[in-house]
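Below are the chains, spelled out letter by letter.
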Amino acid sequence: MTRSLKATILLSLFASLFFASCLSKSPRIESIDPRIGSLGEVLTIRGQHFGKERGENYVTIGGIIPTASAYIQWQDDLIALRTPDFGDSGLVYVHVNGKRSNASLFTNRSVMPQRITDTQTGSGPALSSLAPVSGRIGSLVTLQGSSFGAARDKSKVLFSWNSENSLNALGDTSQSLKTVEVSDTELGYEYWSDREIRIRVPDGAISGAVQVVTDQGTSMPLFFDVVDKPGSKMFKDKKSYAISYGVDVKIQKAAVPNALYLWIPIPTISAQQRISQQLARSIDPFVENYLGSSLFQIKDLQTGTNNTITVSYVVDVYAVETSVRAQSVVRNTNAPIHSLYTQSSSLIPSDNQEIQKKANAVVGKEQNPYIQAQRIYEWLTAQGGIRQEPVQTSLIEAMKKQVLDAYTASLLFCAMARSLNIPAIPDAGVLVNKSRETRKHYWAEFWVDGLGWIPVDPAMGASAVPESFVFRSDAASYYFGNVDSQRISFSRGIINLSSMDPKGKIVQRDREYALQNIWEESTGTLESYSSLWSDVLVTGVY
């Protein structure tokens, strides 16, 4: 055999191995059992693409690599091993052919917060017990203790939460603890009194600490185990946006007394998005954060005057990626979230017979709610009917002609899902491209019992946005169940605000960056004025 032939064979072998490695799928963890355990006991990891045998592959727990003798079983969808007896709580990863899986949190039982007794001192809230001590996302939990306050007001309950590169330290009561708040959007607060609170486990919660926060302080944590998830949800690719926006008002004709009310949307707070800092605002609001907006009042305006209100925030946004075991998804029609988010409304007419007929035709005989939602998304994105340009027709007409834009596609997804008894909400906000330009945008979420909200973005899935806002080559498949962090949300669902004065003149604004029914209201002898609402300006990305 000649030297050149040997070299060719070796090169071919190397290329084959290289391409095989590139084409292999990354391992993915779907669950670990137990999530809370003692060091030295058996840990079972379930998921995908672990490989048929261990070979050179391995697991890390809190950065520690178990010895070879620790492994009991290794197959493509299951690994069983004994946890190292010299470790602590930490993230679990599976490493296969040089690729690392998503993370799952393992908690050492020995560092769990202990039950708090009545001997706790101090005037702040004291959390003494949880019942039950484990449950699914959306399940009801009763908290017992003292000094919670007679009413909730601005108090809140926090659950543990983590992104891909963060870890909750149980027992850590500092403000740096990664948490997700019980959500009003999910009807999370059922009852609040000084000694008892009943809440629902929020979307994004993981097994870990639960704490009560009031204006008197933060309780010591107790442990809650989130169980029976029909899949996994990962928060990753964090982007921090400094943003500024507001409204300019010019008074053309007015006499005292009068008042102008302006409802300025606040970036939403959810498992995916947080306000990390309020940078500035030109005046203080009349009502702070009511249903996701701040109400500003300007009184006794005079002819010829100008008024400007601006607000600025730093907002942290995470991409969301889900992996759902469709066969494990069940429909719980008794949950309050189902009755609320399957209702018909003027914007989401899910009781319309034509929408119901189309939805049933799209899903056929399929009864699984997750697969039904997937088929609606595929029908919306596969026909090429979603366009960049605004579509100025009714929702029914847009559906019939299948000529949609991001706004009508998100509302139609929700209407069709709700007609099939799948809870769904529209999202409104802005997309942000690499040049920090923004564009108003609309997408949606649907609810899976035990896992939470699943994002869908039909317009992005159809690449129906300007080229500078196209972020992925696999858009069609990615934007069902996943969503990027190149966006800022200002409303989840429809925000229904109340008029301040029965005789007030209300201004509504359609297709804005928040879906709210009132933006302005004038009262008294404010006869004529003009308003200019600014676009959302991104002043920095971190």
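Residues numbered from 1 in each chain as written. Predicted model: local features only at pLDDT ≥ 70, side-chain atom pairs only at ≥ 80, totals over all residues. Heavy atoms only, no water.

A. Representation of the layout of surface pockets within the structure. Taken as a whole, the second largest pocket spans an internal volume of roughly 570 Å³. Along the wall of the second largest pocket there are 32 residues; nearest its centre are Glu30, Ser31, Arg35, Ser104 and Lys229. Take the lining of the second largest pocket: its biggest share by element is six residues, from strand S1 (residues 28-33). (1 Å grid on protein atoms, 1.4 Å probe; cavity = no way out; pocket = protein on both sides within 12 Å on 5 of 7 lines; lining within 4 Å. Points joined across faces, edges and corners; volume = space filled by probe spheres on them. Helix = DSSP H or I, 4+ residues; strand = E, 2+ residues; numbered from the N terminus.)

B. Representation of the pattern of salt bridges within the structure. Within this structure, the stated rule accounts for 21 salt bridges. The shortest N-O distance in the salt bridge between Asp484 and Arg487 comes to 3.0 Å. Comparing Asp484 with Arg487 shows no difference in burial state: the two are buried. By sharing partners, the salt bridges in this structure join Glu190, Glu196, Arg198 and Arg200 into a single network. (Salt bridge = Lys/Arg side-chain N within 4 Å of Asp/Glu carboxyl O. Buried < 20%, exposed > 50% of the residue type's maximum accessible area, 1.4 Å probe, protein only.)

C. Region of interest: the pairing of strand S9 (residues 104-108). Judged by how many residues are buried, S9 sits mostly within the fold: five of five residues are covered. Here S9 shows a buried face lined by Ser104, Phe106 and Asn108 and a second buried face lined by Leu105 and Thr107. In this structure, strand S2 (residues 36-37) lies alongside S9, joined through two bridges in parallel fashion. Of the residues in S9, the one forming a bridge with Ile36 is Thr107. (Pairing = 2+ DSSP bridges.)

D. Highlighting the sheet that holds S1. Sheet architecture is open: four strands sit in the order S1-S3-S6-S5, paired in antiparallel fashion. Both outer strands of the open sheet, S1 and strand S5 (71-75), are each paired with one neighbouring strand and no more. With strand direction ignored, the average angle separating the axes of adjacent strands in the sheet is 20 degrees. Taken together, the five bridges between strand S3 (residues 42-48) and strand S6 (residues 78-82) define a ladder with antiparallel strand orientation. Its bridge partner lying in S6, Thr44 is registered against Ala80. (Axes fitted to C-alpha atoms, helices over the stretch in contact; angles between N-to-C directions.)

E. Up close: the confidence of the model for the protein chain. Confidence along the protein chain averages 89 in pLDDT terms, with 90% of residues attaining 70 or more. Here residues 113-121 is a poorly scored stretch, pLDDT under 50, and it has 17 contacts once near neighbours within four places are set aside; other chains count. (pLDDT = per-residue confidence, 0-100. Contact = heavy atoms within 4.5 Å.)

F. Seen up close, helix H6 (residues 406-419). A rise of 1.5 Å per residue sets the reference length of H6, with its 14 residues, at 20 Å; its end C-alpha atoms lie 20 Å apart and thus fit the reference within 8%. A large share of H6 lies buried, amounting to 14 of its 14 residues. Following H6 by one or two positions, Asn421 adopts a phi angle in the positive range, close to 70 degrees. (Expected span 1.5 Å × (residues − 1).)

G. Examining the packing of helix H3 (residues 353-363) against H6 more closely. As a packed pair, H3 and H6 sit with axes 9 Å apart at the nearest point and diverge in direction by 80 degrees. Judged by the inter-axis angle, H3 sits roughly perpendicular to H6. Here H3 contributes Ile355, Gln356, Lys358, Ala359 and Val362 to the contact with H6, which in turn contributes Leu412, Ala415, Met416 and Ser419. (Parallel < 35°, antiparallel > 145°, perpendicular 65-115°, else oblique.)

H. Structural detail: empty space enclosed by the protein. Evaluated as defined, the whole model comprises two cavities of 30 Å³ or more. Empty space within the largest cavity amounts to approximately 180 Å³. Around the largest cavity sit 19 residues that line it, and Ser270, Gln272, Val320, Glu445 and Arg492 are the ones nearest its centre. Sorting elements by how many residues they give to the lining of the largest cavity places strand S29 (residues 487-492) first, with three residues. Grouping the amino acids of the lining of the largest cavity by side-chain chemistry returns eight nonpolar, five polar and six charged. Empty space within the second largest cavity amounts to approximately 70 Å³. Lining the second largest cavity are 14 residues, with Val329, Val330, Pro369, Trp447 and Val448 positioned closest to its centre. Of all the elements in the fold, those that place two or more residues in the lining of the second largest cavity are helix H4 (369-382) and strand S26 (438-448). For the lining of the second largest cavity, the class distribution of residues is nine nonpolar, three polar and two charged. (Nonpolar A, V, L, I, M, F, W, Y, C, P; charged D, E, K, R; others polar.)

I. Representation of the nonpolar core in the model. Leu412, Phe413 and Phe446 are the most contacted members of the largest nonpolar core, which totals 53 residues. Ranked by residues supplied to this core, first place goes to H6 with 10 residues. Counting residues in hydrophobic clusters, the runner-up holds 33 residues, among them Leu143, Ala205, Tyr341 and Trp447. (Core = buried A, V, L, I, M, F, W, Y, C linked by side-chain atoms within 4.5 Å.)

J. Quick look at the side chain of Lys233. Considering the arrangement of structural elements, one finds Lys233 in strand S20 (residues 231-265). Here Trp453 takes part through its backbone oxygen, which lies 2.6 Å from a polar atom of the side chain of Lys233. (Polar contact = N/O pair within 3.5 Å; in protein donor to acceptor, adjacent residues only side chain to side chain.)

K. Quick peek at the sheet that holds strand S25 (residues 424-432). Reading across from one edge, S27-S26-S25-S29 is the order of the four strands in this open sheet, with antiparallel pairing throughout. Looking at strand neighbours, the two that pair on one side only are strand S27 (452-456) and S29, the edges of this open sheet. Strand after strand, the sheet turns through a mean of 35 degrees between neighbouring axes, direction not considered. Pairing between S26 and S27: five bridges, direction antiparallel. When the bridges of S27 are listed, Ala444 appears paired with Val456.

L. View of the environment of Thr44. The residue Thr44 is located in strand S3 in this model. For the pair formed by Thr44 and Ile32, sequence separation is 12 residues and the distance between their alpha carbons is 5.6 Å. Not counting chain neighbours up to four residues away, the residues in contact with Thr44 comprise Ser31, Ile32, Asp33, Leu78, Ile79 and Ala80.

M. Quick look at the environment of Ala382. Mapped onto the elements, Ala382 comes out in helix H4. Residue Ala382 is classed as exposed on the basis of its relative accessible area, which comes to 58%. Measuring from C-alpha to C-alpha, the distance between Ala382 and Ala462 comes to 7.4 Å, with 80 residues separating the pair along the chain.

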